[in-house]
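Notes for the structure review
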Amino acid sequence: MSAHAAYLESETKRARMMVTPEGIEIPVVIASRSARLGALMLDMMFLIIGLVVVDLLFDLIAGGVTDSIFEDPEEEAVAVYEFLFILGVIFGFFAWYGYFLVQELGPRGATFGKRILGIRVAARHGGRLTPEAVIARNLLRDVEVFYPLVYILIAFVLSMVGMSGGGLLWAALAWFMLFALFPFFNKDALRAGDVIAGTWVVEAPKTKLAEAISTQGAASVERSSGLTGARYEFGEEELSVYGERELQTLERLLRDGNEEALYAVHATICRKIRWDPGEGDERAFLEAFYAQLRARLENDMRFGKRKADKFA
Amino acid sequence: MKAPKVMGSLGGFFSRSAVEAPADIESAALRSDRFRLEREADWRRLEGIVARMEGGGLRGVDDADLLALPTLYRTAASSLSVARETSLDLATLRYLESLVQRAWFQVYGPRKGLFRWLREFFAGGWSRAVQALWLDILIAFLVMVAGAVVGWLLVDQDTEWYFRLISENMASGRVPGASRETLEESLALKDGADGLSAFAAYLFNNNAGVCILAFALGFAFGIPSLLLLVHNMATLGAMVWVFASAGLGFEFGAWLSVHGTTELFGILLAGAAGLHIGRSMAFPGTQGVLDAASAAGRRSAVVMLGVVLMMIVAALLEAFPRQLVGDPTDRYIIGGSFLVFWLGYFFLLRRPEPHALASGSTERAGG
């Protein structure tokens, strides 16, 4: 439960309202920094695997060409080899930028990595996500991540062969950290590319519509338990104990349907409202309690009275 | 589809709506659940359309659904605001929030794909973006000229400076005091065209990297971009001095101009794009810093895409015509005509932005 509570808290901290051009407020949740790092790593993995596969294919073709150069050093083979080399360089360049550009401009606004982690790119102020913005945020990624990494690598290689790469290493590290830590110093977790492009990365949940609880069992109009046929009716006093927060916790429990949890909650509620707890009909009891509590709270809501939780 | 306003007993409500309500709705004890069950079909239809659009753009969606999309989207959005005020069903609220968000992304998704955008980019979008950066281009140009002059003057004063600006490796014999023959040879044609296309691909990767760097460094208020320009041009200025002092200034200019007019123009634009971002962050005017930075960033990104293309052209010019055409006059003609082409394309092509009104109003409402 505490892990879940911590998650809920971090979620409310990341919740934002995005106002669409026609003035509808849509809640969005800023993607967590860990999800974004994960997405980047996945995308890198896909890209590198893809490039290696293409490289192997090239080798298969060009390997034959190199052999034929040795056997028969004709102009043609050299030309073919050169052609393949150029094709490789151009392919690498377009794969590098195209992978992100094409996918983020697609209807999902996300690369494969982002899709797997359920996040997407969006324009920051509820506007339209434009190609310019996507290009800008992706051009900057190079400077944020790859150039410093390349320099760090160079510094390592230099120090390995005995040359002093110390200064370079520290400069590259500082450069890398500056951009890597950038998302931690603004509340929307923007990286430098997001700032330049006017974008942010948000969660893109695909929630399925759950069944309505109040149409089932003891919560429905008949209000009788399918098991015992008992009808549970709660009075004003008993329903005024809890608020919205408890109601929604109860809803989650009923939807999860964990017997032990239901049993424990049943006991707690019975103790709280001084009801004589029966045995074996916990679910029906809770369904009835849920439906009547919600009816009461929603009725109050219509008159502008809201009760956030049991302390309110 | 509106729920009748009945404040009385539940029984009263049922007797009135029993005729049209599906059986499922009757068994719901809560008004908010009936509200939900009545609208559920619309929501699910919207969800289906959105899912199809997410899957494959507009191809999988038939016309009737496409026409219904805006209405369904607005219905779902208003359902959400009603539900927020009347329902405590967390599952339904979460579902509606997610549905409205997904539908919104489709209704207000990127209006055109990358390829349609590219067509507009060539037909005027690129020139427009370059024109919008005129002040930054002017500043970057002055900085580049100053850099070249500084490089010249430094080496003119003390030839030791040359070796600080240009590494031994890169100089490859083109050093102060080198004989006229050595210098002449470095400008001469290479034998045949072997390996030149691979050389071009390498050059392109290299130069495009430098340009993207110049652009992205604009993030630090544009100063590193300018420093990069100064350094590059000081190197060039120093090299010009070496050749000029051997009496080869004209030939060196010819050698350089073939690809240089395109490449240096590209570097100029990249530096200007970086400067544009830095300037808008340092002096955001009436906008917030973030808004100013993102507006400048999007404009500069368009310029940068063009710069990458210019680098492809420059690399091809550097590898082929420069190594195959030897006569200085021919070289000047090639370089000069490219310069004229770029200038004309950027500053004479003036086309108004298509849908300027529509996109402008959206942005303003959003900001």
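Computed from a predicted model, the values in this text were never measured in an experiment.

Rules of the game
- Each chain carries its own residue numbering, running from 1 in the direction its sequence is written.
- Each chain is given a letter, starting from A, and each ligand a number, starting from 1, according to the order in which they appear as written.
- pLDDT decides what is reported in this predicted model: residues at 70 or higher carry local features, side-chain atom pairs at 80 or more are listed and counted, and totals for whole chains, interfaces and linings draw on all residues regardless.
- By definition, any uninterrupted DSSP run of H or I lasting at least four residues is a helix, any uninterrupted run of E lasting at least two residues is a strand, and each is numbered from the N terminus.
- Labels follow a simple rule on C-beta atoms placed from the backbone: if 20 or more others lie within 10 Å of a residue's own, it is buried; if 12 or fewer, it is exposed; otherwise it is partly exposed.
- Two residues qualify as being in contact provided that their C-beta atoms, derived from the backbone, are within 7 Å of each other.
- When buried Ala, Val, Leu, Ile, Met, Phe, Trp, Tyr and Cys residues are joined through C-beta atoms within 7 Å, the set is termed a nonpolar core.
- Strand pairing follows a simple DSSP-based rule, namely that at least 2 bridges must link the two strands.

1. Topic: the overall build of chain A
- A count of helices and strands for chain A gives 11 helices and four strands.
- Each of the 312 residues in chain A was classed as buried or not, and the buried ones make up 30%.
- Look at the contacts in chain A between residues 6 or more apart in sequence, and 63% of them connect residues 24 or more apart.

2. Some words on the nonpolar core
- Of all hydrophobic cores here, the largest spans 125 residues; its most connected members are Ala76(B), Cys211(B), Leu269(B) and Met304(B).
- The contact partners of Leu269(B), leaving out residues within four places of it in the chain, are Val130(B), Ile137(B), Val303(B) and Val307(B).
- Grouped together as the second largest cluster of nonpolar side chains are 22 residues, Leu250(A), Leu254(A), Val265(A) and Leu37(B) included.

3. Observations concerning the environment of Thr12(A)
- By the secondary structure assignment, Thr12(A) is in helix 1 (residues 2–14).
- Sequence spacing of Thr12(A) and Val29(A) is 17 residues, and the spatial spacing of their C-alpha atoms is 8.0 Å.

4. A closer look at unusual backbone geometry
Residue and element names in this part refer to chain A.
- The backbone of Ala189 sits at a positive phi, close to 55 degrees, despite the residue not being glycine.
- Counting through the fold element by element, Ala189 comes out in the loop between helix 6 (166–180) and helix 7 (192–197).
- For Ala189, a count of 20 C-beta atoms within 10 Å puts it in the buried group.

5. Some words on the pairing of strand 2 (residues 25–29) of chain A
Residues and elements named next belong to chain A.
- Only one face of strand 2 is buried, namely the one carrying Ile26 and Val28, since none of Glu25, Pro27 and Val29 on the opposite face is buried.
- Across five bridges, the pairing between strand 1 (residues 15–19) and strand 2 is antiparallel. Along strand 2, the bridge assignment pairs Met17 with Pro27.

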